[in-house]
Amino acid sequence: MARTDLPNVETRLYIDGQWLNGSEGTKSVINPATGKSLIDVQQGGKEEALKAVKAANKAFPDWAKKAPLERASLMNKVASLIDEDKERLATIMTMEQGKPLKQALAEIQTNVENLRWNASEGQRIYGDIIPAPVGSQWLVEKQPIGVVGAITPWNFPSNMIVRKIAPAIAAGCTVVLKPSSETPLSALALMELFDKAGFPAGVVNVVLGKSKPIGEVLSTSDDVQKLTFTGSTEIGKLLNEQAAATLKKVSMELGGHAPFIIFPDADLDLAVKSLIAAKFRNNGQVCTSPNRIFIHETIKKEVTKMIVEQMKEVTVDNGLNDPTTGPLINQDGLEKVVKQLKDATEKGATVLFGGNKMTEQPYADGFFFEPTVIDDITTNMDIYYEETFGPVIPLISFTEEEEVIEAANDTPFGLASYFFSNNIHTISNVSKRLAYGMVGVNDVEISHSATPFGGVKHSGFGRENGAYGVEEYVAVKFVTIKS
Ligand code: NAP
């Protein structure tokens, strides 16, 4: 029996260094493994969003003026506090989001790395000296852009926040964050530690509440110079339109529909092991999750058998019991998987493994779905083009390299892609021609503190992580000096 008592955690908004009640009542946070309320959190709205933007604006000049080393030292301090508190943070995350505890701990560890990496990178935001005529100096400076509005999703409720806050504050910006209302506790737990580390009031702020009015303030205020959003393509487009009127800098980390291609010369054991690991991370609720599995026709039978065999090892349970995979986030998430599967089977797909909602105890009250493999997928099925946010592996066969490149690119999305091959020609050709922001070749580990993460097409624009991630939070200034 998994624990049901939530560790101690704040439930109020964090604005200008103060914990505040909101003006819009409270909202329950649901444990997706049990369907039960964990706790009620305070809700704000437009009023609190405006207050937080004001606080961030007030804090900005002093924070921007600080020596990068001084900012780094606070960032390293909060990194250490997170490291020390990781068991509590991970438990809170698993209880509000559902992912297995081991994955929650790994996410918290990534926060520690992100903060330390960006603390160092903030000290290397170099400008340029451009060759100029004698008597002139041409300088390029990179200055913090100002107040950042950040809106984040529920699937990585802690790291999606740190990926934004860390480069922003390292560059000298201040932040107003609106986390997903499915998972506010991870955001609040992080803020407790920023507060404890001694960040000046207003440098980081968190507003909870209805997303529409808060999003309107963050996307339309002239006091917010940068909007960074991670979430669905639908909401990303809306926020991008809203932000256009103030011409603020915007970055959009949106949905994905990753192809995963297995060529006949691949290391098949590695390919299958990598597929299962990537697919069942966070129960398939990942923007980079492999969603269309293309297998060369000559190895299709063998690989399918290997996949089905490995599925027997995939365990499902309350994340606190550390299974391979936990529940889906909520009833809507569960129904989307059911709907995609029904559509596919009605149009001729064959279920090879799983395929059902888990309705018996101990799963009955949560949002559990069996890990699933389906075959005979065709282009008229919803699952072929719609982002799958669940534990379903759809199999498709192909014959020619050209054909599979075309099929892999046949989607509005362009975030992550993967392929497995040991042929140098295939590796060179396919990696160049996949229309994606990220390509994993014989590798599914595509997210690191040091490397750029982001998409093209309807997966958005801008990059997180690495030096490219910090660039999102600076304004380039040219200075010419005549002497
Ligand atoms: P979502 O519904 O778009 O929500 C994301 C965030 O936007 C939440 O904080 C949500 O707040 C807020 N929001 C919703 N409507 C809004 C509005 N009208 N104005 C302002 N904010 C609004 O996405 P999600 O279901 O949380 O996350 C899953 C999606 O995120 C998937 O499509 C996934 O692919 C994508 N994702 C992309 C990346 C990437 O790096 N590219 C990473 C992770 C996830 P409420 O929760 O309060 O409604």
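No experiment lies behind these values; they were computed from the predicted model shown.

**A look at the pattern of salt bridges**
Counted by the stated rule, this structure contains 21 salt bridges. A salt bridge links E471 to K142; the shortest N-O distance between them is 2.9 Å. Of this pair, E471 sits in helix α15 (residues 466-471) while K142 sits in strand β6 (residues 136-144), placing them 329 residues apart in sequence. K142 gets classed as partly exposed once you look at its relative accessible area, which sits at 25%. A single salt-bridge network, built from bridges that share partners, covers D85, R88 and E192.

**Looking at the packing of aromatic side chains**
Applying the stated rule across the entire model yields eleven aromatic pairs. Considering the side-chain rings of W154 and F389, the 5.7 Å spacing of their centres and the 85° angle between planes classify their relative orientation as edge-to-face. Remark: F389 occurs in the loop between α12 (382-385) and β16 (392-398) and W154 occurs in the loop between β7 (147-151) and α5 (159-171); sequence separation between them is 235 residues. Each member of the pair, W154 together with F389, is buried. Arranged with centres 5.0 Å apart and planes meeting at 70°, the rings of Y384 and Y385 form a pair that is edge-to-face. For Y384, a relative accessible area of 5% translates into the label buried. For Y385, a relative accessible area of 32% corresponds to the partly exposed category. Ring pairs connect the aromatic residues W63, F194 and F199, which therefore count as one cluster. The lysine or arginine in question, R163, covers the ring of F453, its NZ or CZ lying 4.2 Å from the ring centre. Positioned above the aromatic ring of Y473, the side-chain terminus of K226 is 5.3 Å from the ring centre.

**Structural notes on the nonpolar core**
I82, L115, I169, M191, F194, F199 and V204 are the most contacted members of the largest nonpolar core, which totals 82 residues. Examining the composition of this core, we find that nine residues originate from one element, helix α6 (residues 184-197), more than from any other. Among all residues touching M191, those that are not within four sequence positions of it are Y14, W19, I165, V204 and V206. If you look at the next biggest cluster of nonpolar residues, it comprises 31 residues, including I276, I307, I393 and M438.

**Overview of the domain arrangement of the chain**
By domain assignment, the chain separates into domain 1 (13-254 + 459-482) and domain 2 (258-448). Of note, the centres of domain 1 and domain 2, computed from C-alpha atoms alone, are 31 Å apart. Counting residues at the interface gives 29 residues for domain 1 and 30 residues for domain 2. Roughly 2,200 Å² is buried in total at the junction of domain 1 and domain 2, and carbon and sulfur atoms are behind 55% of that figure. On the surface where domain 1 and domain 2 come into contact, there are zero salt bridges. When contributions to the side of domain 1 that touches domain 2 are tallied by element, the ones reaching two or more residues are α3 (86-97) and α4 (101-121). If one sorts the elements of the side of domain 1 that touches domain 2 by residue count, α3 sits on top with five residues.

**As for the sheet that holds strand β12 (residues 258-262)**
Here seven strands make up an open sheet; going across it, the order is β14-β15-β16-β13-β12-β17-β18 and the pairing mixed. Every other strand in the sheet has two partners, leaving β14 (350-353) and β18 (438-441) as the edge strands with one partner each. Each adjacent strand pair in this sheet contributes to an overall mean axis angle of 25°, direction not counted. Relative to β16, strand β13 (residues 290-296) runs parallel, the two sharing four bridges. In the sheet register, I293 faces β16, and the bridge partner there is L395. Helix α11 (residues 331-346) rests against β14, β15 (372-375) and β16 of the sheet, and its axis sits at about 25° to β15.

Definitions and limits used
Residues numbered from 1 in each chain as written. Predicted model: local features only at pLDDT ≥ 70, side-chain atom pairs only at ≥ 80, totals over all residues. Heavy atoms only, no water. Salt bridge = Lys/Arg side-chain N within 4 Å of Asp/Glu carboxyl O. Helix = DSSP H or I, 4+ residues; strand = E, 2+ residues; numbered from the N terminus. Buried < 20%, exposed > 50% of the residue type's maximum accessible area, 1.4 Å probe, protein only. Phe/Tyr/Trp six-rings, centres within 6.5 Å; stacked < 30°, edge-to-face > 60°. Lys NZ or Arg CZ within 6 Å of the ring centre and 35° of its normal. Core = buried A, V, L, I, M, F, W, Y, C linked by side-chain atoms within 4.5 Å. Contact = heavy atoms within 4.5 Å. Domains from an automatic or database assignment. Buried area = accessible area lost by both parts, 1.4 Å probe. Pairing = 2+ DSSP bridges. Axes fitted to C-alpha atoms, helices over the stretch in contact; angles between N-to-C directions.

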